[in-house]
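# Reading the structure
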Amino acid sequence: MGRVLIIGCGGVASVAIRKCCQNSEVFEEIMIASRTKSKCDALKEKLDGTTDTEITTAQVDADNMEEVVALIKSYQPDLVMNIALPYQDLTIMDACLACGVNYMDTANYEPEDIEDPAWRAVYDRRCREEGFSAYFDYSWQWAYRKKFEEAGITALLGSGFDPGVTQAYCAYALKHEFDEIDTIDILDCNGGDHGYAFATNFNPEINLREVSAPGSYWEDGHWVEVPAMSIRRTYHFDQVGAKDMYLLHHEEIESLAKNIPGVKRIRFFMTFGQSYLDHMRCLEDVGMLSTAPIDYEGRQIVPIQFLKALLPDPASLGPRTTGKTNIGCIFTGKKDGRDKTYYLYNVCDHQECYREVGSQAISYTTGVPAMVGAMMLLNGNWNKPGVFTVEEFDPDPYMEALNKWGLPWQESYDPVLVD
Ligand code: NDP
């Protein structure tokens with residue numbers, strides 16, 4: 001059915017690529033292109049002979065728009081899947097626009113250099129006007145809406161698990177279970193154990209930036225921001241057990257607040273173990289999470305990038321991670337005039353993921369929806385020009401595909417609510 005250029009070959013991309021190769025009817029040809037071509041070649045070597053998908057590889061620096069344009073022009077894909085880092089979102093969107101090709105990603109834009117004065121001026125204004133101070137937000141990519149509409153191409157933003165599946169859950173709940181949704185609590189629980197005192201389960205730089213930022217939630221039409229990790233709850237997760245979870249700012253809250261009519265409150269909680277929190281606080285206290293370059297023996301280094309080089313590669317955690325993840329959304333609202341509660345969630349087993357695709361469940365739960373989102377664009381199920389998040393499309397074919405491709409969902413009509 002289609003030819004896809006996949007940019008990035010890290011933890012998440014490796015799963016998405018393997019899932020594309022299981023789905024060769026849709027993904028007839030893929031090109032894996034990344035900064036380090038040897039990683040693309042190594043994955044191609046593992047997959048050749050196991051799939052009908054025709055795989056080619058290339059080197060690309062996706063920070064360089066011209067390089068991406070040249071690659072798109074030579075390969076002529078139907079879609080570009082950006083599974084590199086959020087830093088590359090805008091250059092890859094620009095390249096897609098220049099070539100008239102559909103685009104998708106798994107995380108919204110944030111800049112690598114948060115000291116850049118041009119970016120900083122916009123950021124400072126947004127913090128004042130919107131009321132949350134995370135480095136990422138949708139405004140940069142929403143600014144492309146008109147250009148994508150005029151070019152007749154689609155950009156699908158954030159088709160991972162959260163963002164991604166969580167928004168499909170919201171669209172599904174609104175379509176099938178509620179007349180109005182009052183509150184949404186998104187709960188992301190990783191009950192896995194990799195045996196290290198400290199490691200992140202996706203890109204360390206992006207992960208630590210996200211987790212160390214102030215928390216915030218949406219209530220009664222505005223943002224409420226609180227100090228990082230200052231709101232804690234304990235929740236008993238199906239198939240995982242009781243875990244402490246902390247309120248975080250998360251990107252899908254921003255789009256859901258706009259797209260779920262009348263919603264009164266949206267919160268996001270993620271579980272963390274004490275060891276992770278202690279290490280993170282210590283690293284922050286000594287300046288290792290800083291993104292500002294420092295001079296070290298005549299060389300400029302960025303502390304958080306140096307830390308990334310020391311930490312285990314998330315892609316290497318697969319063989320040693322045991323336990324399960326449980327990620328989902330709890331809704332309250334009304335149906336036929338009566339109060340209703342509803343919980344939609346997925347449980348994923350780290351070792352089962354490893355046996356299937358050689359990765360732990362965090363890469364798996366992100367890589368599968370990346371493939372599913374790409375499939376929606378390629379098969380025409382989701383097809384309208386512009387820039388959209390997942391909840392803006394019909395959730396039914398996406399939800400059906402999640403069941404088929406490894407992330408089956410479960411429902412509860414009597415969930416314990418988070419206070
Ligand atoms: P990794 O660090 O494992 O992989 C990133 C990949 O991008 C690497 O292959 C890297 O190449 C490549 N890359 C980085 N910079 C460039 C560049 N300038 N040009 C070309 N390639 C580049 O990250 P993850 O796989 O953990 O994360 C991938 C994305 O998924 C991130 O955006 C992350 O935020 C997102 N994510 C989304 C989630 C969700 O639920 N929505 C959950 C988890 C992650 P190299 O090998 O040279 O470093």
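Residues numbered from 1 in each chain as written. Predicted model: local features only at pLDDT ≥ 70, side-chain atom pairs only at ≥ 80, totals over all residues. Heavy atoms only, no water.

If you check the shell around the ligand, you find 28 residues, and the closest are R35, T36, K39, A62 and N203. Note that a nitrogen atom of the ligand is positioned 3.3 Å from one of the side-chain N or O atoms of Q88. F161 places a polar main-chain atom, nitrogen or oxygen, 3.0 Å from an oxygen atom of the ligand. Calculation on the ligand without its partners gives an accessible area of 940 Å², and the protein chains cover 93% of this total. (Near = heavy atom within 4 Å. Polar contact = N/O pair within 3.5 Å; in protein donor to acceptor, adjacent residues only side chain to side chain. Areas by Shrake-Rupley, 256 points an atom, 1.4 Å probe, with all protein chains shown as cover.)

Applying the stated criterion across every chain, the model contains 18 salt bridges. Two residues, D182 and K264, come together in a salt bridge whose shortest N-O distance is 3.0 Å. Residue D182 is located in strand β7 (residues 180–190), and its partner K264 is located in the loop between α10 (251–259) and β12 (265–271); the two are separated by 82 residues in the primary sequence. If you follow the salt bridges from partner to partner, you end up with D182, K264, K334 and D339 in one network. (Salt bridge = Lys/Arg side-chain N within 4 Å of Asp/Glu carboxyl O. Helix = DSSP H or I, 4+ residues; strand = E, 2+ residues; numbered from the N terminus.)

A few words now on the sheet that holds strand β1 (residues 2–7). Taken in spatial order, the 7 strands make up an open sheet running β3-β2-β1-β4-β5-β6-β17, and their pairing is parallel. Each end of this open sheet is capped by a strand with a single partner; those strands are β3 (54–59) and β17 (386–389). Pairwise comparison of adjacent strand axes, ignoring direction, gives a mean angle of 20 degrees for this sheet. Sheet topology note: the β1/strand β2 (residues 27–34) ladder contains 6 bridges and is parallel. (Pairing = 2+ DSSP bridges. Axes fitted to C-alpha atoms, helices over the stretch in contact; angles between N-to-C directions.)

Moving on: the environment of A292. Considering the arrangement of structural elements, one finds A292 in the loop between α11 (274–285) and β13 (294–296). For A292 and E112, which are 180 residues apart along the polypeptide, the C-alpha to C-alpha distance reads 9.9 Å. A292 has contacts with E115, I301, V302 and P303, leaving out every residue within four places of it along the chain. (Contact = heavy atoms within 4.5 Å.)

Before going further, it helps to examine helix α2 (residues 37–47). The complete set of buried residues in α2 reads C40, L43 and L47. In an axial view of α2, the angular spread of the buried residues amounts to 65 degrees, which keeps them on one side of the axis. Opposite its buried face, α2 presents the exposed residues E45 and K46, each directed more than 90 degrees away. Of the surrounding secondary structure, the elements contacted by the buried residues of α2 are α1 (11–22), β2 and β3. In the stretch just after α2, G49 is the one whose phi turns positive, near 90 degrees. (Buried < 20%, exposed > 50% of the residue type's maximum accessible area, 1.4 Å probe, protein only. Arc of directions from axis to C-beta.)

Quick look at the side chain of N346 now. Note on placement: N346 falls in strand β16 (residues 338–349). Here the side chain of N346 touches P408 through a polar contact of 2.9 Å, landing on its backbone oxygen.

Below, the discussion takes up the nonpolar core. With 93 residues, the main nonpolar core has F27, I30, M81, I184 and F331 as its most contacted residues. Looking at this core element by element, the count peaks at 11 residues for helix α14 (residues 361–378). Of all hydrophobic cores here, the second largest spans 34 residues; its members include V60, I72, M93 and Y109. (Core = buried A, V, L, I, M, F, W, Y, C linked by side-chain atoms within 4.5 Å.)

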